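Listed below, chain by chain, are the residues.
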Amino acid sequence: MRLGVLDVGSNTVHLLLLDVYPGSRPEAFADHKVSLRLVQYLDEAGCISDEGRDALTAFVIEARDIAAEHEAEDLLAFATSAIREAGNGADVLDHVQSRSGVTLTEISGDQEAAVTFSAVRRWSGWGSGTILDLDIGGGSFEMAIGHDGLPAAAVSTPLGAGRLTRSFLTQHPVRPSEVKALRKHVRRTLEPAVETILAQGAPDLVVGTSKTFRSLARICGAAPSGAGQFVRRTMHLQDLRLWTRRMEAMTVQERSDLPGVSVNRAEQMLAGGIAAETAMDMLGVPSLDICPWALREGLILRRMDRLGADPETVLNPPHSLIGREAHA
């Protein structure tokens with residue numbers, strides 16, 4: 001089956017196209033994305049402006065048309081914290097649906113943590129034992145731990161890198177007082193989530209997912225993306241502490257020159273680093289590995305699992321899809 005996946009995040013809106021069948025890898029043959037940054041369209045009341053709503057709608061229509069051009073048979077469309085936490089999120093979703101015909105499914109923070117965990121489990125395998133996954137997005141920070149395919153505990157906190165930057169780091173360069181207030185806020189907010197995670201016992205493997213963790217690991221010396229998915233990337237807390245202190249003294253432009261940091265994400269890298277550092281410290285995690293799969297892959301895998309519900313389909317996969325020549 002040819003599947004389109006539309007991911008509406010806090011920083012980007014991303015369309016992927018895949019050919020999927022039971023047992024296939026969730027890898028796209030084509031994608032299209034835009035750095036929409038919905039959080040920039042929030043007004044003082046926490047609502048998405050008409051301009052932001054219309055920009056999102058326009059991209060969803062464009063994504064719908066691209067998926068149709070590539071003969072996608074299904075479109076899996078979902079939205080995360082930028083929509084679910086906006087005061088008018090439901091109205092925005094209704095507007096998008098009425099103009100585009102595309103229904104964006106709103107995913108809760110706990111669901112986001114659980115689905116991301118399931119993707120990490122698939123990537124890491126059963127031999128990894130108990131896994132602890134940390135995921136920092138633009139609007140929220142999810143944690144999940146467990147030894148099964150689904151987590152024993154999954155929590156979400158409003159500590160996304162973009163949200164923290166807008167709330168605390170308003171000056172450029174940042175002021176020491178702002179950083180101090182941010183660190184205090186992150187630690188206080190994380191306390192109940194950390195207590196829930198620690199109650200599940202010690203993990204055998206700690207993993208970081210999301211673009212924020214990938215960029216932080218790259219800053220701390222991990223291999224670049226060009227080295228491929230299968231290169232092990234490890235980030236150590238002591239290195240992260242060093243680099244968050246360095247970023248405190250950097251301008252946004254200087255941060256954008258760091259390896260693995262895009263211009264669009266440079267402003268929020270300090271807040272993301274502080275959130276990651278604080279969580280690792282409170283959880284007693286000296287290092288973690290980076291997993292390339294996260295929420296999007298988790299949702300794709302669940303959709304593929306439904307394809308495999310028919311035993312006949314599993315035993316006789318649609319060979320017309322296997323090796324289909326992709327055209328972007």
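The preceding data block contains the structure.
Throughout this document, residue positions are counted from 1 along each chain, in the order its sequence is written. Owing to the predicted nature of the model, reporting of local features is limited to residues with pLDDT of at least 70; listing and counting of side-chain atom pairs is limited to 80 or more, with chain, interface and lining totals taken over all residues. The side-chain figures draw on all heavy atoms in the structure; neither hydrogens nor water molecules are used.

What follows is about the overall build of the protein chain. Per the secondary structure count, the protein chain includes 12 helices and 11 strands. In terms of overall dimensions, the protein chain is globule-like: its C-alpha atoms have a radius of gyration of 20 Å, near the 20 Å expected for 328 residues. Out of the 328 residues in the protein chain, the part that is buried amounts to 51%. For the protein chain, the proportion of contacts with a sequence separation of at least 24, taken over those separated by at least 6, is 71%. The Shrake-Rupley method, run with a 1.4 Å probe, gives the accessible areas here. Residue values count only the displayed protein chains as cover. Within the structure as shown, the protein chain displays about 14600 Å² of accessible surface, and the carbon and sulfur contribution to it stands at 49%. Positive charges are assigned to Lys and Arg, negative charges to Asp and Glu, while His and the chain termini are left out of the count. To locate a charge, take NZ of a lysine, CZ of an arginine, CG of an aspartate or CD of a glutamate. The centroid of the 33 positive side-chain charges in the protein chain is displaced by 6 Å from the centroid of its 42 negative side-chain charges. Comment: elements are numbered from the N terminus, with helices defined as DSSP H or I runs of at least four residues and strands as E runs of at least two. The size measure is the radius of gyration over C-alpha atoms, and the globule rule it meets is 2.2 Å times the number of residues to the 0.38 power. Note on classification: 1.4 Å probe, protein chains only; a residue is buried when its accessible area is under 20% of the maximum for its type, exposed when over 50%, partly exposed between these limits. Only heavy atoms enter the contact rule, under which two residues are in contact if any of them lie within 4.5 Å.

It is worth spelling out the sheet that holds strand S10 (residues 234–236) at this point. We treat two strands as partners when DSSP finds at least two bridges between them. Taken in spatial order, the six strands make up an open sheet running S8-S7-S6-S9-S11-S10, and their pairing is mixed. The sheet is open, and its two edges are formed by strand S8 (153–157) and S10, each paired on a single side. Along the sheet, successive strands turn relative to each other by an average axial angle of 25°, direction set aside. Note that strand S9 (residues 205–209) and strand S11 (residues 287–290) share two bridges and pair parallel. To obtain an axis, a line is fitted to C-alpha atoms, over the contacting stretch when the element is a helix, and the angle between two such axes runs from 0 to 180 degrees between their N-to-C directions.

A word on the pairing of strand S1 (residues 2–8). Counted residue by residue, S1 has seven buried out of seven residues, so it is predominantly covered. Because side chains alternate across S1, one face comprises the buried residues Arg 2, Gly 4, Leu 6 and Val 8, and the other comprises Leu 3, Val 5 and Asp 7, equally buried. Bridge count for S1 against strand S2 (residues 13–19) is seven bridges, and the pairing is antiparallel. In the sheet register, Arg 2 faces S2, and the bridge partner there is Asp 19. With antiparallel pairing between neighbouring strands as the criterion, S1 and S2 make up a hairpin whose turn holds four residues. Across six bridges, the pairing between S1 and strand S4 (residues 74–79) is parallel. Looking at the pairing, Leu 6 lines up with Ala 77 of S4.

Note on aromatic contacts: the rings of Phe and Tyr and the six-membered ring of Trp form a pair at centre separations within 6.5 Å, being stacked when their planes are under 30 degrees apart, edge-to-face when over 60 apart, and tilted otherwise. For the coordinates displayed, the defined rule picks out two aromatic pairs. Note on Trp 123 and Phe 230: the rings are 5.7 Å apart at their centroids and 5° apart in plane angle, and the pair reads as stacked. Of this pair, Trp 123 sits in helix H4 (residues 109–124) while Phe 230 is found in the loop between helix H7 (211–219) and S10, placing the two residues 107 residues apart along the sequence. Relative accessible area serves as the criterion here: at 65%, Phe 230 is assigned to the exposed category. Owing to a relative accessible area of 25%, Trp 123 belongs among the partly exposed residues under this scheme. What links up through ring pairs into an aromatic cluster is the set Trp 123, Phe 230 and Trp 293. Counting as a charge over the ring demands two things of the Lys NZ or Arg CZ atom: a distance within 6 Å of the ring centre and an angle within 35 degrees of the ring normal. For Arg 246, the ring lying beneath its charged end belongs to Trp 243, and the centroid distance is 4.5 Å.

Multiplying one less than the number of residues by 1.5 Å gives the expected span of a helix. When the terminal C-alpha atoms of helix H3 (residues 89–100) are compared, their 16 Å separation across 12 residues agrees well with the 16 Å that a helix rising 1.5 Å per residue should span. Considered for burial, the residues of H3 that qualify are Gly 89, Val 92, Leu 93, His 95, Val 96 and Ser 100. Taken around the axis of H3, the buried residues stretch over an arc of 160°, which confines them to a single face. Summarising the geometry of H3, the exposed residues directed more than 90 degrees from the buried face are Asp 91 and Asp 94. A positive phi of about 80° marks Gly 101, the residue just after H3. Relevant arc is that of directions from the helix axis to the C-beta atoms, nothing else.

Turning next to the nonpolar core. Among the nonpolar cores identified, the biggest contains 49 residues, and Leu 134, Phe 141, Met 143, Leu 190 and Met 235 are the most heavily contacted of them. Among the elements that take part in this core, helix H10 (residues 269–283) stands out by supplying 10 residues, more than any other. Those residues within four positions of Leu 190 in sequence are excluded, and the remaining contacts are Phe 141, Met 143, Thr 157, Leu 159, Ala 275, Thr 278, Ala 279 and Met 282. To define a nonpolar core, start from buried Ala, Val, Leu, Ile, Met, Phe, Trp, Tyr and Cys residues and group those joined through side-chain atoms within 4.5 Å. Residues Leu 56, Ile 66, Ala 79 and Val 92 belong to the second largest nonpolar core, which totals 25 residues.

Our focus in this paragraph is the side chain of Glu 277. Summarising the element assignment, Glu 277 is placed in helix H10. Residue Glu 277 is classed as buried on the basis of its relative accessible area, which comes to 6%. Within 3.5 Å is the distance limit for a polar contact, defined as a pair of N or O atoms, with the added protein rule that one can donate a hydrogen and the other accept it, and that residues adjacent in sequence qualify only through two side-chain atoms. Within polar-contact distance, the side chain of Glu 277 engages the side chain of Arg 245 at 3.1 Å. Residues within four places of Glu 277 in sequence aside, it is in contact with Arg 183, Leu 237, Leu 240, Arg 241, Thr 244 and Arg 245.

Along the chain, the position of Asp 135 falls in strand S6 (residues 131–136). Salt bridges are defined by distance alone: a side-chain nitrogen of Lys or Arg within 4 Å of a carboxyl oxygen of Asp or Glu. For the buried Asp 135, no salt bridge exists, and the shortest N-O distance to an oppositely charged side chain is 7.3 Å, to Arg 214. A polar atom in the side chain of Asp 135 sits 2.7 Å from the side chain of Thr 209. Each residue touching Asp 135, except ones within four places of it in the same chain, is listed here: Thr 116, Ser 140, Phe 141, Glu 142, Thr 209, Ser 210, Phe 213 and Ala 294.

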